[in-house]
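Structural description and commentary
So you can see what is in the structure, the chains are spelled out below.
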Amino acid sequence: MSNLTLEVHQAFKGNLTQLKMEPMSTILRPYQLKACSLALTKSCIVVLPTGSGKTRIAATVAKSLCLSMKKPVLFLVPTRLLVSQQAKAVRLQTGLSVAEYMAGGSNPFKASHDMIISTPAAFITLSIDAKFTYSNFCLVIFDEVHHVMKQHPYRTVSRQISALKEENRPRILGLTASLTYSMGSATIQKDIEHLCFDLNLNGNCIFTATEDELINDGYHASISAEVSLGVDSEPVCSDQVKELELPGKVHNSLGDFLHHVQTRSKPIHSLSLALMSAIKTLEAEISMLDTSFITPIGRKGKMGNVGSWGTYAHKKIDTSKSKSLKDMYSILEHLYECVRVIINSRQRHLELGMQYLIMNALINNSSTNRHLQPLSIQWQQLSQEFTSLMHLKSVLLVQYKRFGESFRCIVFVQQRISTHIVNHFVSNDPDLQKIIFSNVIYATSAPATSTLSVKPAVAKQRIKQFADGTINLLFATSVAEEGMDIPAANCVIRFDAIQTPVSLVQSRGRARQSNSSFVVLQEQKGRNVSSLENAEQVQSNVISKISSDGISENSLDEIHNTKIKAQESRRFQARKILQLYLEQTTDGKQKQALMVLKHYCQKTKAELQNKFGRNGRNFTTTFTILEYGRSILTAEGSCLSKKASMQIAASNLIKFCVLVCDHFFILAKYLWVLLEQMGVAVFRDPLQSNLEFYTTAIYGHVYYLHIT
């Protein structure tokens, strides 16, 4: 037995049978053994390429800790599709009893299991009512752990675990092929250190392996397929896309689009103007027939979100009585979805928007509706200017000629609706339909539109068909990038520009067969493939350094101090929102409480959690704020109406937040004196330091529970 294997066995506390992963027949590779050795010693992150066996490492560690500590394991995955996939893999590799949990499923705590595999959002909702704490688990696994750095449910879970005392925290194991979305060297270093801090990792807390180590240890997949840029080594449509793309920030795409439409200023395209004109004309006619109709364009709140427009029109179809009105709402729904494609791409995918209308037989059709005739005529005149789909066709023909009947391709797009649009184009092209058998796959948690969706069973069936060759092309969103067990493709095409190093690494990792192709059809200014690859290399260097040298305590202390200062600043600014609410004298102000509280949490980057219950005939609502650098704040409301109980709880929590802000030093001083009178040793003056205290408010009463 090698020293390394012996070391891992010793980490298993001498029980050699624990490493035998019945009924799995294969043994772990040397780099997998090293990763297991670290993960069995401390909380850590494993960074290895797609297909290198990260799930096998997680299963090995999970079985060992579960058997030795007599506690279950929590395995979190980012999408619903991954729940059953990882459960199947863990059962096969370990023989453990594994429960699968997704929103709406049966409570996994009602039976005894060795492992629970769940999406984080579903588990958070379940955990609010379930009688458990994270200390009930011996290990929490974060699959695709880089999501912790985003506003993602993973971040909520990490905060909840951090709120526990150190001795009650479970072991953490993070899995990913790439850690950060950042581009600059300094930012990459900072992000990785912050991720480790958020997961309470320290020292040598990241494991990775070099390309030589992976190959020498038996990893035979293509680690990094060569990147080809479009056709003839040039990204396609770059000039055209640059001319079409609206200036400004992504988060204000809707506002920028409407502004350019209103002012008719460049680079708004005449097709976009014709589309909005058609929408305006159709809305005016509908308003005359249905007085309840209100245009969602320009409205505030959820209804004003471009993603809600199509849903609004679709619901109107069901409530309309006349066939003519139903038909008009159906057309309006498709026009709204068309403009959503254009807005979300900042007009880059104007061509796809028009193709969506063609897909639904609204333009380029002999029976084109009178409202759309001007748009249809204009498209016929200008369609030759748009070449994105024709370039995709050219690449597919070249790649199919190269691989022949073994051709297996994944085309990545950004929007769910785009998968259907591009699939329709390929399926109806006379040249491609003879050789390409395509379909779509994306996260099943939400539909592409009110009428376009992929059910979980259908997604699984399509993956199976891709494996046996019934389907040789899948149009996919990021769900296929991250962990999805889609059999190794020999061709990956990026239809949209790659946004982050994570996306580059994840999608390229899908082209794992020998001599695979990875083709990029579009590049974004400032984030071309070359710069993304440079960022990937910088990230690799940082990870290797942390893997060998560890993270210093000074770095972690600096991160803590920086987070405290930033949070105090956000809290001070956001307090004005709460104060303005309390200063209102109107009778109906309590109805605004929940909206105000959510606004406060948004500004302070705090987590707002809720728990509902019954107390006799009354509904009860408990709101809790998790905010960095502050104790947990909780308030409750009770009323015959559930909505009213939420409003009361929100109002109580607002009052309590302001109370804590206004009287912090007074209360701290009071507690200081109280503790001295009780004979408790206090070593620092609360008026000269950031003394924090845990508090809770129930029915408006304040209780002081603990001092740190």
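This brings us to the overall build of the protein chain. Counting its regular elements, the protein chain contains 23 helices and 18 strands. Within the protein chain, the fraction of its 708 residues that count as buried is 52%. For the protein chain, contacts bridging at least 24 residues in sequence account for 69% of all contacts bridging at least 6. Just so you have it, the protein chain exposes about 32,600 Å², and 51% of that area is on carbon and sulfur atoms.

Further remarks concern the sheet that holds strand S6 (residues 171-176). One open sheet accounts for seven strands, arranged S3-S4-S2-S5-S6-S1-S7; its pairing is parallel. The sheet is open, and its two borders are formed by strand S3 (98-101) and strand S7 (206-208), each paired with just one other strand. Between one strand and the next, the sheet's axes are offset by a mean angle of 15°, whatever the strand orientation. With four bridges joining them, strand S1 (residues 44-47) and S6 adopt parallel strand pairing. Looking at S6, one finds that Val 47 is bridged to Thr 176. This element, helix H4 (residues 80-94), spans strand S2 (73-76), S3, strand S4 (115-118) and strand S5 (139-143) of the sheet and lies at about 175° to S3.

As a further point, take the side chain of Thr 79. With respect to the helices and strands, Thr 79 occurs in the loop between S2 and H4. With sequence-adjacent residues up to four places away left out, Thr 79 is seen in contact with Thr 119 and Val 479.

The next subject is empty space enclosed by the protein. Inspection of every chain in the model, using the stated rule, returns one cavity of 30 Å³ or more. As a volume, the largest cavity reaches approximately 40 Å³. If you list the elements that add at least two residues to the lining of the largest cavity, you get helix H9 (238-244) and helix H14 (350-359). Ranked by residue count, the leading element in the lining of the largest cavity is H14, at three residues. Counted by class, the lining of the largest cavity contains five nonpolar, three polar and two charged residues.

In total, this model carries eight aromatic pairs according to the counting rule given. Note on Trp 379 and Phe 386: the rings are 5.6 Å apart at their centroids and 35° apart in plane angle, and the pair reads as tilted. The same class applies to Trp 379 as to Phe 386, namely buried. Among the aromatic residues, those joined into a ring-pair cluster are Phe 123, Tyr 134 and Phe 137. Positioned above the aromatic ring of Phe 619, the side-chain terminus of Arg 614 is 4.0 Å from the ring centre.

According to the stated counting rule, one finds 15 salt bridges in the structure shown. Between Arg 91 and Glu 100 there is a salt bridge, with its nearest N and O atoms 3.0 Å apart. On the accessibility criterion, Glu 100 (35% relative accessible area) is partly exposed.

Here the focus is unusual backbone geometry. A cis amide bond links Lys 266 to the next residue, Pro 267, at an omega of 10°. With respect to the helices and strands, the residue Pro 267 is situated in the loop between helix H10 (253-263) and helix H11 (270-289). Despite not being glycine, Lys 70 shows a phi value in the positive range, around 60°. Checked against the element boundaries, Lys 70 lands in the loop between helix H3 (54-69) and S2.

Before going further, it helps to examine helix H15 (residues 373-382). Within the sequence span of H15, burial applies to Leu 375, Ser 376, Gln 378, Trp 379 and Leu 382. The buried side chains of H15 occupy one side of the element, clustering within an arc of 165° when seen end-on. The outward face of H15, more than 90 degrees from its buried face, is lined by the exposed residues Pro 374 and Gln 381. Next to the buried residues of H15 lie H11 and H14.

Let us now look at the sheet that holds strand S16 (residues 633-639). Within a beta sheet, neighbouring strands are joined by backbone hydrogen bonds and run either parallel or antiparallel to one another. Here we have three strands laid out as an open sheet, ordered S14-S15-S16, and antiparallel in their pairing. A strand with exactly one partner marks an edge of an open sheet, and here the two such strands are strand S14 (607-615) and S16. Between one strand axis and the next, the sheet turns through 20° on average, direction left out of account. Where helix H6 (residues 153-162) meets the sheet, its contacts fall on S14 and strand S15 (618-626), and the angle it forms with S14 comes to roughly 80°. Against the sheet, helix H22 (residues 593-604) touches S14 and S15, its axis set at about 20° to S15.

This brings us to the pairing of S5. Across the five residues of S5, five count as buried, placing the element largely inside the fold. Side chains Leu 139, Ile 141 and Asp 143 project from S5 onto one buried face, and the interleaved Val 140 and Phe 142 project onto a second face that is buried too.

Right, let's get into helix H17 (residues 416-428). Over its 13 residues, H17 extends 19 Å from the first C-alpha to the last, a length consistent with the 18 Å expected when each residue adds 1.5 Å. Residues Ile 417, Ser 418, Thr 419, His 420, Ile 421, Val 422, Asn 423, Phe 425 and Val 426 constitute the buried set of H17.

Okay, the packing of helix H7 (residues 185-198) against helix H20 (residues 529-549) next. Here H7 crosses H20 at 45°, and the two axes come no closer than 10 Å. By the criterion of interaxial angle, the relationship of H7 to H20 is oblique. Note on packing geometry: the crossing formed by H7 with H20 is right-handed. Between H7, through Ser 185, Ile 188, Gln 189 and Ile 192, and H20, the contact on the second element is made entirely by Ala 535, Val 538, Gln 539, Val 542, Ile 543 and Ile 546. Looking at the contact of H7 with H20 residue by residue, the classes come out as seven nonpolar, three polar and no charged.

This part covers the state of the cysteines. Within this structure, the stated rule accounts for zero disulfides. Cys 196 carries a free sulfur, and the closest cysteine sulfur to it, the one in Cys 205, is 3.8 Å from it.

Attention now goes to the pairing of S14. Note that S14 and S15 share nine bridges and pair antiparallel. The residue bridging Gln 609 from the neighbouring strand is Thr 624, located in S15. Between S14 and S15, which pair antiparallel one after the other, the connecting turn spans two residues, and Gly 616 there sits at a positive phi close to 70°.

What follows concerns the nonpolar core. What tends to happen in soluble globular proteins is that the nonpolar side chains get buried as a cluster. Residues Leu 173, Met 354 and Ile 493 are the most contacted members of the largest nonpolar core, which totals 135 residues. Here the element with the most residues in this core is helix H13 (residues 323-344); it accounts for 12 residues. Within the second largest apolar cluster, 39 residues are counted, among which are Tyr 134, Phe 142, Leu 556 and Ile 559.

By the element assignment, Gly 51 lies in the loop between S1 and H3. We classify Gly 51 as partly exposed; its relative accessible area is 43%. Counting along the chain gives 126 residues from Gly 51 to Ala 177, while the straight-line C-alpha distance between them is 9.5 Å. Contact partners of Gly 51, with chain neighbours within four places excluded, come to Tyr 219 and Arg 512.

Cut-offs used in this document
Residues numbered from 1 in each chain as written. Predicted model: local features only at pLDDT ≥ 70, side-chain atom pairs only at ≥ 80, totals over all residues. Heavy atoms only, no water. Helix = DSSP H or I, 4+ residues; strand = E, 2+ residues; numbered from the N terminus. Buried < 20%, exposed > 50% of the residue type's maximum accessible area, 1.4 Å probe, protein only. Contact = heavy atoms within 4.5 Å. Areas by Shrake-Rupley, 256 points an atom, 1.4 Å probe, with all protein chains shown as cover. Pairing = 2+ DSSP bridges. Axes fitted to C-alpha atoms, helices over the stretch in contact; angles between N-to-C directions. 1 Å grid on protein atoms, 1.4 Å probe; cavity = no way out; pocket = protein on both sides within 12 Å on 5 of 7 lines; lining within 4 Å. Points joined across faces, edges and corners; volume = space filled by probe spheres on them. Nonpolar A, V, L, I, M, F, W, Y, C, P; charged D, E, K, R; others polar. Phe/Tyr/Trp six-rings, centres within 6.5 Å; stacked < 30°, edge-to-face > 60°. Lys NZ or Arg CZ within 6 Å of the ring centre and 35° of its normal. Salt bridge = Lys/Arg side-chain N within 4 Å of Asp/Glu carboxyl O. Arc of directions from axis to C-beta. Expected span 1.5 Å × (residues − 1). Parallel < 35°, antiparallel > 145°, perpendicular 65-115°, else oblique. Left-handed = near helix turned anticlockwise from the far one by under 90°. Disulfide = S-S within 2.5 Å. Core = buried A, V, L, I, M, F, W, Y, C linked by side-chain atoms within 4.5 Å.

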